[in-house]
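# Reading the structure
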Amino acid sequence: MQTVIDERQQQYTAPAHKPGYEICKRIFDVVMSVLALILLSPLFLITAITIRLQDGGKAIYSQVRLTKGGKEFRMYKFRSMRVDAEDLLDTLMDENEMDGPTFKMKDDPRITPVGRFIRKTSIDELPQLINIIKGDMSIIGPRPPLPREVEQYTPYQMHRLDV
């Protein structure tokens with residue numbers, strides 16, 4: 001899989017950024033993420049407890065995603081789906097409502113009741129603040145794609161990995 005991604009990356013050239021811009025952006029990302037984590041810590045606690053009480057599974061879900069340059073990292077989210085959601089994905093592929101590499105289903109049966117609420121309010125995305133502090137992501141930028149999505153990218157779409 002990594003070979004396919006490497007070959008596609010050779011088909012384009014990433015734009016150059018000025019070092020000052022990169023440093024300012026990184027400082028902004030870290031400061032804002034730390035402040036948000038402090039202010040939202042009660043919400044983190046309530047959400048984690050609610051998810052655990054629902055089915056006993058882990059509250060935080062992690063998934064391999066690709067960041068700038070196609071580097072792999074583990075992205076964190078509050079778990080909004082059943083514990084066995086990844087195993088059920090293959091059985092639902094015929095229900096995919098999207099064209100291309102992304103899977104999307106309006107009434108996905110894998111989503112839990114708590115999961116519907118935290119997705120609707122975007123609370124499920126808050127643990128990504130940890131990824132931002134670690135330098136895997138930025139506050140402003142595209143959603144990091146799954147490796148299986150990048151395998152299907154066109155050379156033009158590979159530019160998403162520049163950010």
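Structure: see above.
These numbers come from a predicted model, not from an experiment.

About the criteria used
- Residues numbered from 1 in each chain as written.
- Predicted model: local features only at pLDDT ≥ 70, side-chain atom pairs only at ≥ 80, totals over all residues.
- Heavy atoms only, no water.
- Helix = DSSP H or I, 4+ residues; strand = E, 2+ residues; numbered from the N terminus.
- Buried < 20%, exposed > 50% of the residue type's maximum accessible area, 1.4 Å probe, protein only.
- Axes fitted to C-alpha atoms, helices over the stretch in contact; angles between N-to-C directions.
- Parallel < 35°, antiparallel > 145°, perpendicular 65-115°, else oblique.
- Contact = heavy atoms within 4.5 Å.
- Nonpolar A, V, L, I, M, F, W, Y, C, P; charged D, E, K, R; others polar.
- Expected span 1.5 Å × (residues − 1).
- Bend = angle between axes of the 7 residues up to and from the residue.
- Salt bridge = Lys/Arg side-chain N within 4 Å of Asp/Glu carboxyl O.
- Polar contact = N/O pair within 3.5 Å; in protein donor to acceptor, adjacent residues only side chain to side chain.

Right, let's get into unusual backbone geometry. A positive phi angle, near 65°, is found at Ser 122, a position not held by glycine. You can see Ser 122 is positioned in the loop between helix H4 (113-120) and helix H5 (128-134). A relative accessible area of 41% means that Ser 122 is categorised as partly exposed.

Running from N to C, helix H2 (residues 19-55) and H4 cross one another at 155°; their axes reach a closest spacing of 9 Å. Taken together, the axes of H2 and H4 are roughly antiparallel relative to one another. The residues of H4 that touch H2, namely those facing Thr 47, Thr 50, Ile 51 and Gln 54, are Pro 113, Val 114 and Ile 118. In terms of residue class, the contact of H2 with H4 is made up of 4 nonpolar, 3 polar and no charged.

Turning next to H2. Its 37 residues give H2 an end-to-end C-alpha distance of only 47 Å, which falls more than 12% under 54 Å, the value for a rise of 1.5 Å per residue. Of all the bends in H2, the greatest reaches close to 60° and is centred on Leu 40; the proline Pro 42 follows between one and four positions later. By the burial criterion, the buried members of H2 are Asp 29, Ser 33, Phe 44, Thr 47 and Ile 51. Buried residues in H2 make contact with strand S2 (72-78), H4 and H5. Positive backbone phi, approximately 80°, marks Gly 56, located one or two places after H2.

A few words on the pattern of salt bridges. Taken as a whole and judged by the stated rule, the model has 7 salt bridges. Arg 79 is the salt-bridge partner of Asp 55, the closest N and O atoms lying 2.7 Å from each other. Placement of Asp 55 in helix H2 and of Arg 79 in the loop between S2 and helix H3 (85-92) is noted, with a sequence separation of 24 residues between them. Judged by relative accessible area, Asp 55 falls into the partly exposed class, the value being 35%. Linked through salt bridges whose partners overlap, the residues forming this network are Lys 77, Asp 124, Glu 125 and Arg 143.

Mapping Thr 112 onto the fold places it in the loop between H3 and H4. On the basis of relative accessible area, Thr 112 is assigned to the buried category, the value being 7%. A distance of 2.9 Å separates a polar side-chain atom of Thr 112 from the backbone nitrogen of Gly 115. Dropping the residues within four chain positions of it, Thr 112 is found in contact with Gln 54, Ser 80, Met 81 and Arg 82.

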